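Here is how the chains run, residue by residue.
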Amino acid sequence: MLIDEFDNFGKLDRKMQLLAIAIGTLRKDREIAEDIVVLNENDQSGIGALGLSRILIEDYFNIRYLDKNSETLDENLDLFNTHPHVDHYGSMKSMLEWGYPFSNEEKLIFPTIEKAFQENKDKFLRPGKKHEPYHRDNYYRTWNKLSLEGLIAKSGFADEDPKTAHFLNESYNSGSSMIHHNAFNIWYLATQNRGTELAEEGYKDVSARVTFIVMNRILNLAINIFSKETGDEETALHYMLELEKILDEFSKKIKYFARALSTDIRKAKGKVGSP
């Protein structure tokens, strides 16, 4: 696949942190995309596929946010890399409160988790909250400390591609409704799917569109990041052209969105580095 060819099976320099994050995201999201395809091919309802597609959208917005805010990139990379320490500490505290029987071997890592949390907790404390007494909700649940709307607003869509941003935002919300079991889903299951065939087709269609759009856009972003971090525009252009071939193959299925991204890439040929 183009992703494997581009990354050369893990041989790209991981010292270039943003590129490493983009490549790692690509690989994770490819696995999720393959699951979405399998779910849709197996004549399922599409609920699971739509729920999974939310992950792809959020990943794309996060990578785009990192790339579009170069003036705060070092700070954002630090937040990206250190937020897991807050999550790990919160999980440890919750499991202790629930009475989980940690083994003596597992408890050996507690001091490391505690130390990492203490070193990074100030970065993620919510305004108006205090460290003590500890409560998990006193800290931001996401590394960027933004709402979805804030994340989109700071990701450079306003002057470039507001229609796709709107579609992905609505699709994200639809996927969220599946994950959080809203009233519609309860009704849907309670009625044993009666009269919901059209909705099922919609779930499959949306998840397929999200998968196509997001995977190609993240790869497009990764190629541009590669160009900026290495200065190797010739290699970047080669992969841009390969990506354009993929878009051309699928353009008949998703005409509008394929055309929009293909236009982005053609513009990038003249100046690689701005997806």
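Just so it is clear, the model here is predicted, and its values are computed rather than measured.

Regarding the pattern of salt bridges
In step 1: Summed over the entire model, instances satisfying the criterion amount to six salt bridges.
In step 2: In this structure, the salt-bridge partner of Asp59 is Lys28, at a minimum N-O distance of 2.9 Å. Of the two residues, Asp59 is situated in helix H3 (residues 47-68) and Lys28 in helix H2 (residues 17-41); the sequence distance between them amounts to 31 residues.
In step 3: A relative accessible area of 13% means that Asp59 is categorised as buried.
In step 4: Relative accessible area serves as the criterion here: at 41%, Lys28 is assigned to the partly exposed category.
In step 5: For Glu119, the salt bridge is made with Lys115, and the minimal N-O distance between the two is 2.5 Å. Placement of both Glu119 and Lys115 in helix H6 (residues 110-124) is noted, with a separation of four residues, approximately one turn of the helix.

A word on the packing of helix H4 (residues 73-97) against H6
In step 1: Two elements in contact, H4 and H6, have axes whose closest approach is 8 Å; the angle formed by their N-to-C orientations is 125°. In terms of orientation, H4 and H6 fall into the oblique class. Every pair of crossing elements has a handedness; the one defined by H4 and H6 is left-handed. On H6, the residues that touch Asp78, Leu79, Thr82, His83, His85, Val86, His88, Tyr89, Met92 and Leu96 of H4 are Phe110, Ile113, Glu114, Ala116, Phe117, Asn120, Lys123 and Phe124.

Notes on H3
In step 1: Helix length check: H3 (22 residues) gives 32 Å between terminal C-alpha atoms against 32 Å at 1.5 Å per residue, within 8%.
In step 2: With 16 of its 22 residues buried, H3 lies for the most part within the structure.

So, how was this worked out
- Residues numbered from 1 in each chain as written.
- Predicted model: local features only at pLDDT ≥ 70, side-chain atom pairs only at ≥ 80, totals over all residues.
- Heavy atoms only, no water.
- Salt bridge = Lys/Arg side-chain N within 4 Å of Asp/Glu carboxyl O.
- Helix = DSSP H or I, 4+ residues; strand = E, 2+ residues; numbered from the N terminus.
- Buried < 20%, exposed > 50% of the residue type's maximum accessible area, 1.4 Å probe, protein only.
- Axes fitted to C-alpha atoms, helices over the stretch in contact; angles between N-to-C directions.
- Parallel < 35°, antiparallel > 145°, perpendicular 65-115°, else oblique.
- Left-handed = near helix turned anticlockwise from the far one by under 90°.
- Contact = heavy atoms within 4.5 Å.
- Expected span 1.5 Å × (residues − 1).

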